[in-house]
Amino acid sequence: QVQLVESGGGLVQPGGSLRLSCAASGFTSSTYVMSWYRQAPGKERELVARISRGGSSRNYTDSVKGRFTISRDNVKNTVYLQMNNLKPEDTAVYLCNAAGLRTRYWGQGTQVTVSS
């Protein structure tokens with residue numbers, strides 16, 4: 001069964017850090033472009049970060065550049081999002097996505113709340 005299982009979300013103070021993990025099963029994630037999206041209440045779903053199949057190319061939305069880092073471990077079939085210097089506006093449900101040429105999979109989402 002194809003599955004993306006996310007972990008690492010939670011409550012953190014402004015300026016703090018979290019590392020999200022996305023564990024893939026039922027398919028070989030190394031053949032897919034992997035991305036992290038986020039969706040806050042009342043806002044459109046936003047692409048946060050994307051990493052190429054081999055991990056050599058990474059892209060970020062402007063608001064997280066310099067603070068977030070996407071990485072992948074194809075041996076472990078896992079993708080990560082390291083989030084540093086978190087801000088209240090980063091509060092959202094973060095979702096993992098795997099994209100092939102014609103096939104896409106989504107994780108269930110994990111809540112990140114940045115608040116004092």
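Residues numbered from 1 in each chain as written. Predicted model: local features only at pLDDT ≥ 70, side-chain atom pairs only at ≥ 80, totals over all residues. Heavy atoms only, no water.

*Asks:* Account for the environment of Thr91, with residues named and values stated.
*Replies:* Here Thr91 shows up in the loop between β8 (78-83) and β9 (92-99). Contact partners of Thr91, with chain neighbours within four places excluded, come to Ala40, Gln111, Val112, Thr113 and Val114. For Thr91, the side chain forms a polar contact with the main-chain oxygen of Pro88, separated by 2.9 Å. For Thr91, the side chain forms a polar contact with the main-chain nitrogen of Val114, separated by 2.9 Å. (Helix = DSSP H or I, 4+ residues; strand = E, 2+ residues; numbered from the N terminus. Contact = heavy atoms within 4.5 Å. Polar contact = N/O pair within 3.5 Å; in protein donor to acceptor, adjacent residues only side chain to side chain.)

*Asks:* Let's hear about the environment of Val75: which residues, and what values?
*Replies:* Mapped onto the elements, Val75 comes out in the loop between β7 (68-73) and β8. As a C-alpha pair, Val75 and Ser29 span 46 residues in sequence and 9.5 Å in three-dimensional space.

*Asks:* Pulling in residues and values, what's your account of the pairing of strand β11 (residues 110-114)?
*Replies:* Here β11 shows a buried face lined by Thr110, Val112 and Val114 and an unburied face lined by Gln111 and Thr113. Across 3 bridges, strand β2 (residues 10-12) lies against β11 in parallel orientation. Its bridge partner lying in β11, Val12 is registered against Val114. (Buried < 20%, exposed > 50% of the residue type's maximum accessible area, 1.4 Å probe, protein only. Pairing = 2+ DSSP bridges.)

*Asks:* Which residues make up the packing of aromatic side chains, and what values do they have?
*Replies:* In this structure the tally under the stated criterion is 4 aromatic pairs. Residues Phe27 and Tyr105 carry aromatic rings whose centres are separated by 4.8 Å and whose planes lie at 45° to one another, so their mutual orientation is tilted. Of this pair, Phe27 sits in the loop between β3 (18-25) and β4 (33-39) while Tyr105 sits in strand β10 (residues 104-106), and the two are 78 residues apart along the sequence. Taking the centre distance of 5.8 Å and the plane angle of 45° together, the rings of Tyr32 and Tyr105 count as tilted. With Tyr32 in the loop between β3 and β4 and Tyr105 in strand β10, this residue pair connects regions lying 73 residues apart in the sequence. (Phe/Tyr/Trp six-rings, centres within 6.5 Å; stacked < 30°, edge-to-face > 60°.)

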